[in-house]
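Chain residues, written in single-letter form:
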Amino acid sequence: MEIHSSTLHNVTVIKRIKYISKYLYRIPRQLIIKQLSGILSKPFYISSIKRALIIAPHPDDEVFGCGGLMAALTEDKRDVFVLFLTRGEAGHRDCCLMNEELLKETRRNLCYSALNALGTTKSNIFFFSLPDGNLASVKDDAALHNDIRRLIDESKVDTVFYPHPYENSSDHGAATGIVSRSVENLPLKKYYYCVWIWHRVPIYKIFCLFLQYKSSFRLDISGVFDKKQKAIHEYIESIAPCGNPLSGKIPGTLLHAFKWKYELFFEAEHIKKGQPYQ
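Residues numbered from 1 in each chain as written. Predicted model: local features only at pLDDT ≥ 70, side-chain atom pairs only at ≥ 80, totals over all residues. Heavy atoms only, no water.

Caption draft 1: Region of the structure containing helix α4 (residues 100-117). The terminal C-alpha atoms of α4, which comprises 18 residues, lie 26 Å apart, in line with the 26 Å expected from a rise of 1.5 Å per residue. The set of residues buried in α4 consists of Leu103, Arg107, Leu110, Cys111, Tyr112, Ala114, Leu115 and Ala117. Buried positions along α4 lie against α3 (61-75), β3 (79-84), β4 (125-127) and α9 (225-236). At the N-terminal end of α4, a side-chain oxygen is found 3.1 Å from the backbone nitrogen of glutamate 101, two or three residues along, and the residue is asparagine 99. Within two residues after α4, glycine 119 carries a phi angle of roughly 90°, on the positive side. (Helix = DSSP H or I, 4+ residues; strand = E, 2+ residues; numbered from the N terminus. Expected span 1.5 Å × (residues − 1). Buried < 20%, exposed > 50% of the residue type's maximum accessible area, 1.4 Å probe, protein only. Contact = heavy atoms within 4.5 Å. Polar contact = N/O pair within 3.5 Å; in protein donor to acceptor, adjacent residues only side chain to side chain.)

Caption draft 2: Fine view of the side chain of serine 155. Its location among the elements puts serine 155 in helix α5 (residues 142-155). Residue serine 155 is classed as buried on the basis of its relative accessible area, which comes to 5%. For serine 155, the side chain forms a polar contact with the main-chain oxygen of leucine 151, separated by 2.9 Å. Apart from residues no more than four positions distant in its own chain, serine 155 is found in contact with Arg51 and Phe81.

Caption draft 3: Structural context of unusual backbone geometry. A positive phi angle, close to 55°, is found at lysine 156, a residue other than glycine. For lysine 156, the location among the structural elements is in the loop between α5 and β5 (159-163). Notably, asparagine 168 is not glycine yet its phi reads approximately 60°, a positive angle. Mapped onto the secondary structure, asparagine 168 falls in the loop between β5 and α6 (170-183).

Caption draft 4: Looking closely at the environment of glutamate 101. Looking at the element boundaries, glutamate 101 is found in helix α4. Take glutamate 101: its relative accessible area is 55%, and that puts it in the exposed class. Linking glutamate 101 and glutamate 89, residues 12 residues apart in sequence, is a C-alpha distance of 7.3 Å. Among the polar contacts made by the side chain of glutamate 101, one reaches the side chain of lysine 104 at a distance of 3.4 Å.

Caption draft 5: Fine view of the packing of aromatic side chains. For the structure on display, the rule yields 14 aromatic pairs. Centroid distance tyrosine 191 to phenylalanine 217: 6.1 Å. Interplanar angle 85°. Geometry classified as edge-to-face. Linking tyrosine 191 in strand β6 (residues 189-193) with phenylalanine 217 in strand β7 (residues 216-220), this pair joins segments that are 26 residues apart in sequence. Per residue, the accessibility class of tyrosine 191 equals that of phenylalanine 217, and both read buried. With centroids separated by 5.5 Å and ring planes inclined at 70°, the aromatic side chains of tryptophan 198 and tryptophan 260 adopt a geometry described as edge-to-face. Highlighted residues: tryptophan 198 in helix α7 (residues 197-200) and tryptophan 260 in the loop between α10 (252-257) and β8 (262-267), separated in sequence by 62 residues. Given a relative accessible area of 15%, tryptophan 260 falls into the buried group. One aromatic cluster is present, formed by Phe44, Phe161, Tyr191, Phe217 and Phe265 through successive ring pairs. Lying over the aromatic face of tryptophan 196, arginine 200 brings its terminal NZ or CZ to 3.9 Å of the ring centre. (Phe/Tyr/Trp six-rings, centres within 6.5 Å; stacked < 30°, edge-to-face > 60°. Lys NZ or Arg CZ within 6 Å of the ring centre and 35° of its normal.)

Caption draft 6: Layout of the packing of α5 against α6. Packing of α5 against α6 brings their axes to within 9 Å, and their N-to-C directions diverge by 65°. Seen from above, α5 lies across α6 with right-handed handedness. Within the contact between the two elements, α5 uses Leu144, His145, Ile148, Arg149 and Ile152 and α6 uses Ile178, Arg181, Ser182 and Val183. Of the residues belonging to the contact of α5 with α6, the class tally is five nonpolar, two polar and two charged. (Axes fitted to C-alpha atoms, helices over the stretch in contact; angles between N-to-C directions. Left-handed = near helix turned anticlockwise from the far one by under 90°. Nonpolar A, V, L, I, M, F, W, Y, C, P; charged D, E, K, R; others polar.)

Caption draft 7: Structural view of the side chain of threonine 253. Mapped onto the elements of the fold, threonine 253 is located in helix α10. Accessibility expressed as a relative area gives 3% for threonine 253, which makes it buried. A polar side-chain atom of threonine 253 sits 3.1 Å from a polar atom in the side chain of histidine 199.

Caption draft 8: Just the pattern of salt bridges, in detail. Following the criterion strictly, the structure yields 12 salt bridges and no others. Measuring nitrogen to oxygen at the nearest pair gives 2.6 Å for the salt bridge that ties aspartate 79 to arginine 51. Of the two residues, aspartate 79 is situated in strand β3 and arginine 51 in strand β2 (residues 51-56); the sequence distance between them amounts to 28 residues. Among the salt bridges present, the one from lysine 227 reaches glutamate 75, with a minimum N-O distance of 2.9 Å. Pair noted here: lysine 227 is in helix α9 and glutamate 75 is in helix α3, with a separation of 152 residues, a long-range link. Judged by relative accessible area, glutamate 75 falls into the partly exposed class, the value being 45%. Within this structure, Lys139, Asp140 and Arg181 form a network of salt bridges that share partners. (Salt bridge = Lys/Arg side-chain N within 4 Å of Asp/Glu carboxyl O.)

Written as structure tokens, this is what we have:
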């Protein structure tokens, strides 16, 4: 069957329009989240936090989601601990096929540099080396849950931060499940932080996000904003052979979200079964 060039041209134009629409859609999403946060979220105060644990699926998630929080806590002489569930070795499997052992080591060093900019020392940073890209395979591992509880106990933390259920990323979703099971019934304050929500969450879920507005908080990070930006740059300025950051391909629209001088958190304890987050 003969296909006319005009038909092919129309198909190409439609594909381009869809791509551009998908790209432009990201910024309005971020604006909606910020506006709803400004109206509905309460200010977040760190005065009740003595020792905090940030749990991240990969090296860089902690800075994107909690970099300002971490800097504010360490400036105020509070203890901050960070647990990475993976070492981020899968970040280049679909591009330059960078040696994964080398990538693990390099990302670990980047992590030390980034967290040093936020005031967190090496002795407070932990890696579990779970399978990057396949955290779901270990989400029901009782031994893993016990390891997380042991770290919490030994570090004597009173507050834990981990990814929001709406992250729309397989590893982030699995991380939420892993940590939720691990900290269940523990006498801790528990908060969700946001990374991929800024880039991937469907519009209708944004409104669900704030239906339980009493659980949402915004932290003013203007006083430590430069420290967070420095930590982000530690991650994104080191380039792999493919030309992308060693941390993996990071969309520009996602980075745009972190120019906001606030960070958004949701109190996990307020999320009940049958509510919008489930």
